[in-house]
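Next come the chains, spelled out residue by residue.
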Amino acid sequence: GECKTIKDAHEHAITSINLHENKIITLSRDNSIKIWNIETLECIRKISDQFVAQSIVYKNKLYLASLYKMEVYNLDTNTFEQGLDLLDNSITCFLIYHHKLIISLKCYFCMIINLETFKIEKCSYFGCNRINFLGIWKNQILASFTDNTINILDIEKDTYKQILFVTYNIDSFLIFQNKIMIVSKGLNQNINIFDLEENKFIHTFNEIPHKMEKWNN
């Protein structure tokens, strides 16, 4: 497609973008969260003055992950509803799966949160490898571990099955259709496309000339 408009939205890099109805929600390293009209690109609300690294929109709520805290912002009433203080357990990534909030922590545990009560249902442990990124494929949770593997998680049984190992550190990944786009860490980042159904790599983009920001799943 063709770029029609460039908007000077934040003073620093944008870390997360979400769509909700006719609005765009942006998070930035300038410690701000802004809501924009998708047609006019006018900023209609600034809802926070703190750094929030990741976000997900689910139904009418915006789920926000800062370093040690999860917060829920109601997009209909424009108010913060709930918060969960994780003390010294910083968040690496999170997603929503079957009406539950799955939070991966740097202490190697995953917390399962009931979205109705916003209470912890259980904590899962998948071995001594921390989960860095989460995604969903065919109603299954995919997770990249710090040992450079991508795995299918079973959060009910606290088990996982490895489906892919790579020889480089994974910076981020994005799942689309039946493929997974994997970004490697390093000054000259590579993007590798892996077909999950055919179980093979189908394309590689070498020496990406700029540092890429992490994607949200």
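Residues numbered from 1 in each chain as written. Predicted model: local features only at pLDDT ≥ 70, side-chain atom pairs only at ≥ 80, totals over all residues. Heavy atoms only, no water.

## Concerning the nonpolar core
Argument step 1. If you look at the biggest cluster of nonpolar residues, it comprises 31 residues, and the most contacted ones within it are Tyr 63, Met 70, Leu 101, Ile 102, Ile 103, Ile 131 and Leu 134.
Argument step 2. Within the residue set of this core, elements represented by two or more residues are strand S6 (61–65), strand S7 (69–74), strand S9 (91–97), strand S10 (100–105), strand S11 (109–114), strand S13 (131–137) and strand S14 (140–145).
Argument step 3. Per-element tally for this core: the top contributor is S9, with 6 residues.
Argument step 4. Excluding its chain neighbours within four sequence positions, the residues that come into contact with Met 70 are Tyr 63, Leu 64, Ala 65, Gln 82, Gly 83, Leu 84, Ile 91, Phe 94, Leu 101, Ile 103 and Phe 118.
Argument step 5. Counting 15 residues, the second largest nonpolar core, distinct from the first, contains Phe 133, Trp 137, Ile 170 and Phe 173. (Core = buried A, V, L, I, M, F, W, Y, C linked by side-chain atoms within 4.5 Å. Buried < 20%, exposed > 50% of the residue type's maximum accessible area, 1.4 Å probe, protein only. Helix = DSSP H or I, 4+ residues; strand = E, 2+ residues; numbered from the N terminus. Contact = heavy atoms within 4.5 Å.)

## Description of the pairing of S9
Two faces belong to every sheet, and in a regular strand the side chains alternate between them.
Argument step 1. In terms of residue burial, S9 counts as a mostly covered element, since 7 of its 7 residues are buried.
Argument step 2. Here S9 pairs with S10 via 6 bridges, running antiparallel. When the sheet's bridge partners are listed, Cys 93 is paired in S10 with Ser 104.
Argument step 3. In this antiparallel pair of consecutive strands, S9 and S10, the connection spans 2 residues, and His 98 shows a positive phi of 55°. (Pairing = 2+ DSSP bridges.)

## Describing the sheet that holds S13
Argument step 1. In space, the 4 strands of this open sheet follow the order S13-S14-S15-S16, with antiparallel pairing throughout. The open sheet has two edge strands, S13 and strand S16 (159–165), and neither has a second partner. Strand-to-strand twist of the sheet, defined as the mean angle between neighbouring strand axes without regard to direction, takes the value 30°. (Axes fitted to C-alpha atoms, helices over the stretch in contact; angles between N-to-C directions.)

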